[in-house]
Amino acid sequence: MDATALFKFSSGLYVVSAADGERRAGCLVNTGLQVTAAPLQVSVTVNKDNITCGVIRDAGHFSLAVVDETADMIFVGRFGFRSSADFDKFDGIESAVAATGDPYPTEHVCSYVCCRVVQAVDVGTHLTFVGEVVDAGNLSDEPPMTYAYYHGTLKGKTPPKASSYVEGVS
């Protein structure tokens with residue numbers, strides 16, 4: 001089987017984040033997806049080993065910010081290759097707080113949604129959170145960054161905790 005066939009699935013890059021009153025965390029994912037229009041729901045899938053997963057689970061809500069093509073590898077690295085356990089990913093960057101109380105970056109982001117979790121599905125190494133959208137907004141007219149752009153133009157790698165990680169292939 002050639003699992004790299006899944007690399008051709010179209011997806012974007014997103015910062016998913018949450019705050020549970022004691023902690024705030026965020027990470028970069030390529031798993032944001034609109035699920036339904038009525039009610040307006042999105043899903044996001046996060047590795048169980050990420051601090052962000054536990055914060056979303058405990059908080060019961062999250063924000064999902066659409067990364068745009070102005071993002072550089074420094075921004076991607078901040079959310080994709082560092083841990084919220086020992087680094088405040090929002091310190092020193094432009095950010096805002098969603099209606100749910102969750103932080104989200106406002107630089108290198110073209111839109112955001114904030115959601116109340118209505119379901120969490122255990123998919124093995126990850127949890128998929130389905131959230132009902134309680135607020136959303138556009139922040140710029142920049143094009144959203146696709147996972148193909150990230151790999152092709154920025155020459156980005158796929159970290160081991162990513163849902164699309166295939167051992168031996170980056």
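Each value, and the rule that gives it
Residues numbered from 1 in each chain as written. Predicted model: local features only at pLDDT ≥ 70, side-chain atom pairs only at ≥ 80, totals over all residues. Heavy atoms only, no water. Helix = DSSP H or I, 4+ residues; strand = E, 2+ residues; numbered from the N terminus. Rg over C-alpha atoms; globule rule 2.2 N^0.38 Å. Buried < 20%, exposed > 50% of the residue type's maximum accessible area, 1.4 Å probe, protein only. Pairing = 2+ DSSP bridges. Axes fitted to C-alpha atoms, helices over the stretch in contact; angles between N-to-C directions. Contact = heavy atoms within 4.5 Å.

The name that an unreviewed UniProt entry assigns to the protein chain is Flavin reductase, with the source organism given as Olsenella profusa.

Visitor: What's the story with the overall build of the protein chain in this structure? I'm lost.
Guide: Looking only at helices and strands, the protein chain has 3 helices and 9 strands in total. A compact globule built from 170 residues should have a C-alpha radius of gyration of about 15 Å, and the protein chain, at 15 Å, falls within 12% of that. Judged by the C-alpha coordinates and their principal axes, the protein chain covers about 40 × 35 × 35 Å. Looking at the 170 residues of the protein chain, the share that counts as buried comes to 45%.

Visitor: For this particular structure, what's the right way to read the sheet that holds strand 5 (residues 61-67)?
Guide: With antiparallel pairing, the 7 strands of this open sheet are ordered in space as 2-1-5-8-9-4-3. Two strands close off the open sheet at either side, each with one partner strand: strand 2 (24-29) and strand 3 (33-37). Adjacent strand axes in the sheet meet at a mean angle of 30°, parallel and antiparallel pairs treated alike. With 7 bridges joining them, strand 4 (residues 40-47) and strand 9 (residues 126-138) adopt antiparallel strand pairing. Looking at strand 9, one finds that glutamine 41 is bridged to glutamate 132. On top of the sheet, helix 1 (residues 51-59) reaches strand 1 (14-19), strand 2, strand 4, strand 5, strand 8 (109-122) and strand 9; it is set at about 50° to strand 1, its chief contact. Its contacts with the sheet place helix 2 (residues 73-80) against strand 1, strand 2, strand 5 and strand 8, and it is angled at close to 120° to strand 2.

Visitor: Honestly, the environment of glycine 101 in this entry has me stumped. Any pointers?
Guide: Along the chain, glycine 101 turns up in the loop between strand 6 (95-97) and strand 7 (103-105). Glycine 101 sits in the partly exposed class, given a relative accessible area of 34%. Here the alpha-carbon distance between glycine 101 and aspartate 135, two residues 34 residues apart in the chain, equals 11 Å.

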